[in-house]
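# Coordinates in review
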Amino acid sequence: MDPTIIAARLTPYALDPLIRTLFDTEGPGAALVDRPVHLSHLVSFTGEKPGLTERDLHTLAAALVERALRDGDADEDGGERPIGADEDRAVTEALARTLRALGEIEMDDVQAARLLPAEFARRLRATVPGVTERLTADGTRLYALLLDAAALQILHFFTRRSPFVARTLVEQTRTLSELVHGQGALGAGPPSPSTEDTATEDAAFEERYAHDTAVLHNHLTIFGIDLTHSPDSWPLDAAYLGLQCEPGPLDSEGTRADADGAADQGEPPVPAEQALSGRSQVLVRGVAGSGKTTLLQWLAVATARDELPDALGALRGRVPFLLPVRRFARDGVPSPESFLTAAGYRDAASQPAGWTERVLGSGRALLLIDGIDETPESDREELRRRLRDWTARYPGNVWVVTSRPSAVRGNWLTGEGFTELSLAPMSREDVAAFIQRWHRAAAQQSPADLDRLGDYEHTLLNAVRITRDLGRLATNPLMRGLLCALHRDRRGYLPNGRKELYDAALSMLLERRDRERAMVATDGVDLPRQPKIQLLQKLAHWMLVNGRSEMDQDVAIETLAEHLPAIPDAARQGGPEDVYRHLLNRTGLLREPTPGTVDFVHRTFQDYLSARAMVQRHEFGPLLDHAHHDDWEDVIRMAVALARPDECAALLDGLLAPHAGVRAAEARHRKLLAAACLEHATELDPAVRARVQRFTRDMVRPSTPSAARTLGWIGPIVLEMLPDPTDVPDDEAYLLAITATSIADDMAIDYLTSLRGRAHHDIRAQLAGAWRRYDTARYAREIIAHLEPAELYFPVSDLEELHALRRLGGRPHVQIAGPFTPDQLIEGIAPAEGLTRLWLAYDLGVSMEWLSGFPRLDTLRIGHRIPPVTGVPDGIRVVQL
């Protein structure tokens, strides 16, 4: 097949009559229109009375194929077609399906004509996934040639049809005309100097912007690597540990089906780059401190530096915009020309006029929108509408949005075409890697306690492995940094519980930090720890009650001025401006994200300090008034931990009681929040605890898998409220298994032992799939060893699990749910002759010849996010899920 010969046959003269029939000659856009027209309103095969039927569309595609393969009665290659008749029909079907996408693609005529023909053809093809799956290599090449030629004619048709399009896109119209008719069409010469100058100016600015973006975002706040010498941040490329994502629910029940329609055990978490690969619109959910902002920073820096992994190759060449939503509350949702200002880019004023619009219009942007939960709840629908408008107006760009899980309902952006992912808690191996890396970074500072760092690392690794509360806290990146710093600061001793941890962190950052650095008060202000906390609480309290995550510097100074007279230790040392600057520079808790604004280094500190302020001010009424608002949830949990016993009881009773203006779903959430708060109460009347459990007992008997899964946010206390699973039917036992395994705490193992003897496949699959959440040896001994292996895949995500399964004698069906080398798997899966089915749920990135080491292996399942594999030995059936 000679592409040159085929391209020569696809002349504008030959194609134009056929392409014209795709469009309604009397429809909108045929006359003088003053606005863009959606493509679905232009094509002649949509609407109540389509001018072109499905059969006509197929006939048109067949005519295009015929035009490409033959010229009249004789073929220029000697009369023999380059592809067979069956392939001829397959190409025709693929082309007809693609042309039909003109009525489905979210694009208007101006947006389409703004694209080059090859990009427009790519967008059409992407609208019909898998359209070339049944084509041979020759058929695929022919299809691509036909689609490119058709795309050029379609775009040229738009510019001739609508004077509005031609007038709006003068240069693109000229370019399309030259491509169709040759140089000189429409009296065109070379591109105008102004166009060339704009392109040159854009390219120069983008190079500078990429460098500045990498510098701006290439750091993470890491607490207390070295209290004497250390800065407050690490370089991102030294500190970033690959985060993992879990897919959101694929149906209303939150379940997935495998290739045979049976209940699926579920895909394991995969690296974020693998989960994001191939997706253009994603909502990533994650709890506070789970790494949402870190993920977006990494994407921005890797894109700007052109250092993306192969899985994210589609992002190469894009322009990243990292937009913190917390700034929208102050300035409103930005327009594209304000994106750089919203991103905190200090040279935003130097961008070429219209540059952002050109980047978005050409589909080259990577939009990273961080923290939907940090905009007021009343403004979130407006932000959703704006996202819908942006994605429709600027197709081809990539959008990644983050939020806390409870801030917006499930599938909040599904209607706008977004896929949902959730950040998975760090695995035990990732926690260990972070602790080791933290101590290595500390050692590079040549500190006075260098000889003790090795012992600190060893004892901390043991502590997070065997101490339940520490192990739970360590899965959160923010908490992990705090644990490392506090453990070293206290010479191997760690406080228990979240409240004690934060109190100790405040002591370290506010009192010991400067003292151990042997610093004198260079700004003339030297505040003790308690006045600092009181003043920081005032700022946190203002942000809470005003629904903000940052505040203007002027407002912060005014707030301090209002409260300084009541804090003599601070008032006597300077004015509010002096105290503000001292808190900003010397506490390690505040920062200036942009000139003239201030926020806390992490939202969790803001929530903790505002909870302290609310409790000290006895403002329990406002806490109860806002208990159903997601941005108050952590504040209320911490208030329960901080309150006195009688105040704690009043708070919990208030959460259970009816509240004016609260909807039924919100009332249910308030009661469940009361249950979640029980583990934080240091002293509580047993009658109150029993009352909370009585009110919520029926609520923890879920009726759907998605409802069962959402109960996990309550925490381990839910295990005390679940019914005894011994005598319930299998369908209810399955839901109870989902809830119990959503609690990443070894306390859940005791409950799950009552379910391990069930024969029902879905229950066994749920228990097997939860292995990675718990202590490997104990879970293997108490759960995995007791699960009936029939038709059940046993997952292994690390070497410890692989070796534990081997000690149990192996299993016939194994799921690869983590990174391994072939040698590790060949050695670890034993006995080799016992393996009959293997499920590859993690992309190992290697050829599959190593499977020949398992003589009885007959089936290889490939996860739905895994690319096709090569090198599979003969006799092994491959099932792509």
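Throughout, residues of each chain are indexed from 1 in the direction in which the sequence is written. At least 70 in pLDDT is required for a residue's local features to be given in this predicted model, at least 80 for side-chain atom pairs to be given and counted, and no such filter applies to totals for whole chains, interfaces and linings, which use all residues. To get the side-chain values, take all heavy atoms of the structure and skip hydrogens and water.

The name given to the protein chain in an unreviewed UniProt entry is NACHT domain-containing protein, and the organism recorded there is Streptomyces piniterrae.

It should be kept in mind that the predicted coordinates are not to be read in detail where pLDDT is low. The predictor attaches a confidence to each residue, and that confidence, scored 0 to 100, is pLDDT. For the protein chain, the average pLDDT comes to 82, and 85% of its residues sit at 70 or higher. A low-confidence stretch, residues 27–32 stays under pLDDT 50, and its non-local contacts, those more than four residues away or across chains, total 12 contacts. Whether two residues are in contact is decided by their heavy atoms: any pair within 4.5 Å suffices. Here residues 249–264 is modelled with pLDDT under 50, and outside its nearest four sequence neighbours on either side it reaches 29 contacts, counting other chains as well.

Moving on, we get to the pairing of strand β3 (residues 244–247). A pair of strands is considered paired only if DSSP assigns at least 2 bridges between the two. Going along the chain from the N terminus, every DSSP run of H or I of four or more residues is numbered as a helix, and every run of E of two or more is numbered as a strand. As paired strands, β3 and strand β4 (residues 270–271) are joined by 2 bridges and run antiparallel to one another. Opposite Cys245, over in β4, you have Val270 as the bridge partner. Two strands pair when backbone bridges link them, and β3 and strand β9 (residues 419–423) are joined in this way by 3 bridges, in the antiparallel orientation. Each residue of the ladder has a partner; that of Glu246, found in β9, is Ser422.

This next bit is on the pattern of salt bridges. Note on definitions: salt bridges are taken to be side-chain nitrogens of Lys or Arg within 4 Å of carboxyl oxygens of Asp or Glu. Counted by the stated rule, this structure contains 37 salt bridges. Across the pair Arg386 and Glu382 runs a salt bridge whose closest N-O atoms are separated by 3.7 Å. Of the two residues, Arg386 and Glu382 are both situated in helix α17 (residues 380–393); the distance of 4 residues between them amounts to about one turn of the helix. Overlapping salt bridges bring together Asp373, Arg404, Arg603, Asp607 and Asp634 as one network.

Right, let's talk about helix α32 (residues 686–696) for a bit. Only protein chains enter the accessibility calculation, which uses a 1.4 Å probe; a residue whose area is less than 20% of its type maximum is buried, one above 50% is exposed, and one in between is partly exposed. Taken as a whole, α32 has its buried residues at Val688, Val692, Gln693 and Thr696. Axial view of α32: buried residues confined to an arc of 135°, hence all on one face. For α32, exposure combined with an orientation more than 90 degrees from the buried face picks out Pro686 and Arg694. In this structure, the buried residues of α32 make contact with α30 (645–656), α31 (664–677) and α34 (718–721). Think of a polar contact as two N or O atoms within 3.5 Å of one another; within protein, one of them needs to be a possible hydrogen donor and the other a possible acceptor, and neighboring residues in sequence only count if both atoms come from side chains. N-cap assignment for α32: the residue whose side-chain oxygen lies 2.9 Å from the backbone N of Ala687 is Asp685. This arc corresponds to the set of directions leading from the helix axis out to the C-beta atoms.

Moving on to the sheet that holds β4. The strand order across the open sheet built from 7 strands is β4-β3-β9-β5-β8-β7-β6, with neighbouring strands paired in mixed fashion. A strand with exactly one partner marks an edge of an open sheet, and here the two such strands are β4 and β6 (319–324). Strand direction decides the pairing type here: strand β7 (residues 365–370) and strand β8 (residues 398–403), joined by 4 bridges, are parallel. Bridged to Leu367 within β8 is Trp399. The convention used is that axes are lines fitted to C-alpha atoms, helices contributing only their stretch in contact, and that angles between N-to-C directions extend from 0 to 180 degrees. Against the sheet, helix α13 (residues 292–305) makes contact with β5 (281–285), β6, β7, β8 and β9, and its axis sits at roughly 160° relative to β7, the strand it touches most.

Moving on, we get to unusual backbone geometry. In this structure, the amide linkage connecting Ala830 to the following residue, Pro831, adopts the cis form with an omega of 0°. Looking at where Pro831 falls in the secondary structure, it is placed in the loop between α40 (822–828) and β15 (837–840). A positive phi angle is found at His618, which is not glycine, with a value near 55°. Counting through the fold element by element, His618 comes out in the loop between α27 (603–616) and α28 (620–625). A residue is classified by how much of its surface remains accessible, and His618, at 48% relative accessible area, is partly exposed. Positive phi, normally seen in glycine, also occurs at Glu791, with a value near 55°. Looking at the element boundaries, Glu791 is found in the loop between α38 (776–782) and β13 (794–796).

With respect to the helices and strands, Arg694 occurs in helix α32. Separated by 19 residues in the primary sequence, Arg694 and Ala675 place their C-alpha atoms 10.0 Å from one another.

As a further point, take the sheet that holds strand β14 (residues 813–816). Strand order in the open sheet made by the 5 strands is β13-β14-β15-β16-β17, with parallel pairing throughout. A strand with exactly one partner marks an edge of an open sheet, and here the two such strands are β13 and β17 (877–880). In this sheet, neighbouring strand axes are inclined to one another by 20° on average, regardless of whether the strands run parallel or antiparallel. Where β15 lies against strand β16 (residues 859–862), 4 bridges are found, and the strand directions are parallel.

Ring pairs shown here join Phe, Tyr and Trp side chains whose ring centres sit within 6.5 Å, with only the six-membered ring taken for Trp; geometry is labelled stacked below 30 degrees between planes, edge-to-face above 60, and tilted in between. One pass over the full model with this rule turns up 17 aromatic pairs. On the numbers, 5.1 Å between centres and 85° between planes, the contact of Tyr209 with Tyr345 is edge-to-face. Of the two residues, Tyr209 sits in helix α10 (residues 193–217) while Tyr345 sits in the loop between α15 (339–342) and α16 (355–361), which places them 136 residues apart along the sequence. Residue Tyr209 is classed as buried on the basis of its relative accessible area of 3%. Given the relative accessible area of 7%, Tyr345 is considered buried. The interplanar angle of 15° and the centroid separation of 6.1 Å between the aromatic rings of Trp390 and Trp399 together place this pair among those described as stacked. For the pair formed by Trp390 and Trp399, the shared burial category is buried. Here the aromatic residues Phe205, Tyr209, Phe321, Phe339, Tyr345, Trp355, Trp390 and Trp399 are joined through ring pairs into a cluster of three or more.

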